[in-house]
Amino acid sequence: MEWKEIEKAIQNIVADIKEQCIIQNTAIRDNIFGILEDKCTVIYYPLKNEKNRGFHIKRVVGDQLEDFVYINTDKPMAEQIFTAAHELGHIFEVAEKVWKMLGYSGMPTEKEEEDITNRFAAELLMPAEAFKKVYSTNMEEVGIKNGKIKLDDLIRVIVMQMNTFLVPYEAVRRRLMETALIPKRVADFLESKEEILLLVNLLTKYQNSYLEKGTEIKTISGIRELIEKAEMQENIDDYLVKRIKRDLEIVDMPKTAELEITIGDKVNE
């Protein structure tokens, strides 16, 4: 695979998706969840001591094939965000589109599909040009110039990138190499070594951010509206509804007063 060509194809696909989904923010951050929910049903649930951050499946519902995505909300928010962007890439079949755009024969292997989808998620969440500009600004803020630098200063800049785009350490490490901001030998050195992860943890621990914190949310996109509609049906299984509400910790909405409003041209009269 030619990554320069693939990167250009991905950038074109991302531009089309941003136009289609009306995405205007350069740094999408946690807005990715709303974008994903517009395209599929998303199940949010915390599974502790589980390596899996999430996955995408297709299931037949009625007579239609529909997309479902699971997000493990026990994982840090930054990991949830990157997972959501990655699974969105599967929904849009980005790898297959890139394959066709570049005229490659056959279909991508599972590894090639995952690699391309990861690169898509990176470009969606950390657009190359914006990523470079933020990196330059952060380097200046920390006082780093070209040449030899201290490891802790470089990690400090990486954590600043993580905070700006709300993505995990590993995503920033790879993105620095993908955008040619650091050479491969430096990226390899930075790959998940114990002393480096310790520095990352120390620098993120006391920040006003949920970068490294899980949300432990239990919900399914649109579930409250579905439950409310179900409870209005006559022949609904009341036990099943109550069990779903219990498992997903759905609290009944309090009764509120009615307000009289006017909608239309006379609203300000």
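Residues numbered from 1 in each chain as written. Predicted model: local features only at pLDDT ≥ 70, side-chain atom pairs only at ≥ 80, totals over all residues. Heavy atoms only, no water.

**Considerations on the overall build of the chain**
Condition: For the purposes of this entry, the term helix denotes a DSSP run of H or I that reaches at least four residues, the term strand denotes a run of E that reaches at least two, and both are numbered from the N terminus. Buried, partly exposed and exposed residues are distinguished by accessible area as a fraction of the type maximum, computed with a 1.4 Å probe on protein chains only: under 20%, between the cut-offs, and over 50%, respectively. A contact between two residues is defined here by any heavy atoms of the two lying within 4.5 Å.
Within the chain, the regular secondary structure consists of 12 helices and four strands. Its C-alpha atoms put the chain at 70 × 50 × 50 Å along the principal axes. Each of the 269 residues in the chain was classed as buried or not, and the buried ones make up 39%. Put simply, of all contacts in the chain between residues at least 6 apart along the chain, 71% involve residues at least 24 apart.

**Looking at the pairing of strand β1 (residues 41-45)**
Applicable threshold: Between any two strands, at least two bridges found by DSSP are needed for them to pair.
Going residue by residue along β1, you find Val42 and Tyr44 tucked away on one face and Thr41, Ile43 and Tyr45 left uncovered on the opposite face. Sheet topology places β1 next to strand β3 (residues 64-72); five bridges connect them, and they run parallel. Of the residues in β3, the one forming a bridge with Tyr45 is Asn72. Note: β1 against strand β4 (residues 219-220), two bridges, orientation antiparallel. Across the sheet, residue Ile43 finds its bridge partner in β4, namely Ile220.

**Some remarks on the environment of Thr215**
By secondary structure assignment, the location of Thr215 is in the loop between α10 (194-205) and β4. The class for Thr215 is partly exposed, based on a relative accessible area of 29%. Apart from the residues lying within four places of it in its own chain, the contact partners of Thr215 are Thr73, Lys75, Met77 and Gln80.

**A short note on the nonpolar core**
The following threshold applies: For our purposes a nonpolar core is just a set of buried Ala, Val, Leu, Ile, Met, Phe, Trp, Tyr and Cys residues, chained together by side-chain atoms within 4.5 Å.
Counting 59 residues, the largest nonpolar core has Ile32, Met126, Ile158 and Leu190 as its most contacted members. Formed by five residues, the second largest nonpolar core is a distinct cluster that contains Ile223, Ile227, Val241 and Leu248.

**Focus on the pattern of salt bridges**
Here the idea is simple: oppositely charged side chains can pair when their charged atoms come close. Under the convention used in this document: A side-chain nitrogen of Lys or Arg and a carboxyl oxygen of Asp or Glu constitute a salt bridge if their distance falls within 4 Å.
This structure, assessed with the given rule, holds 19 salt bridges. Of the charged contacts in the structure, one is a salt bridge between Glu129 and Lys132, with a shortest N-O distance of 3.8 Å. Of this pair, Glu129 and Lys132 both sit in helix α6 (residues 128-142), separated by three residues, roughly a single helical turn. Residue classification places Glu129 among the exposed residues on the basis of a relative accessible area of 51%. Linked through salt bridges whose partners overlap, the residues forming this network are Glu7, Arg119, Glu123, Arg175 and Glu178.

**Here's the deal with a nonpolar patch on the surface**
Quick note on the threshold: For patch building, the residue pool is restricted to those with more than 30% relative accessible area and no salt bridge; the joining distance is 9 Å between like charges and 5 Å between nonpolar side chains (Val, Leu, Ile, Met, Phe, Trp, Tyr). Per-residue and other accessible areas follow the Shrake-Rupley method at a 1.4 Å probe size, with only the shown protein chains counted as cover for residues.
Side chains of Leu259, Ile261 and Ile263 sit close together on the surface and give an oily, nonpolar patch of about 430 Å² of accessible area. In this structure, Leu259 sits in the segment after α12 (238-247).

**Regarding the state of the cysteines**
Basically, it comes down to this: Sulfur atoms of two cysteines make up a disulfide when they are within 2.5 Å.
Going through the model one piece at a time under the given rule, you end up with zero disulfides. In this structure Cys21 is not part of a disulfide, and its nearest cysteine sulfur, from Cys40, lies 11 Å away.

**Brief notes about helix α5 (residues 110-125)**
The condition that has to hold: How far a helix is expected to stretch is found by multiplying one less than its residue total by 1.5 Å.
Given a rise of 1.5 Å per residue, 16 residues ought to cover 22 Å, and the 22 Å separating the end C-alpha atoms of α5 matches this to within 8%. Listed in full, the buried residues belonging to α5 are Ile116, Thr117, Arg119, Phe120, Ala121, Ala122, Glu123, Leu124 and Leu125.

**Quick look at the pairing of β3**
Relative to β3, strand β2 (residues 54-61) is paired through eight bridges, and the arrangement is antiparallel. Within β3, the residue paired with Gly54 across the bridge is Ile71. Counted along the chain from β2 to the antiparallel partner β3, the turn is two residues long, and its residue Gly62 has a positive phi close to 70 degrees.

**Observations concerning the sheet that holds β1**
If you walk across this open sheet you meet the four strands as β2-β3-β1-β4, and the pairing is mixed. The strands lining the two open edges of the sheet, one partner per strand, are β2 and β4.

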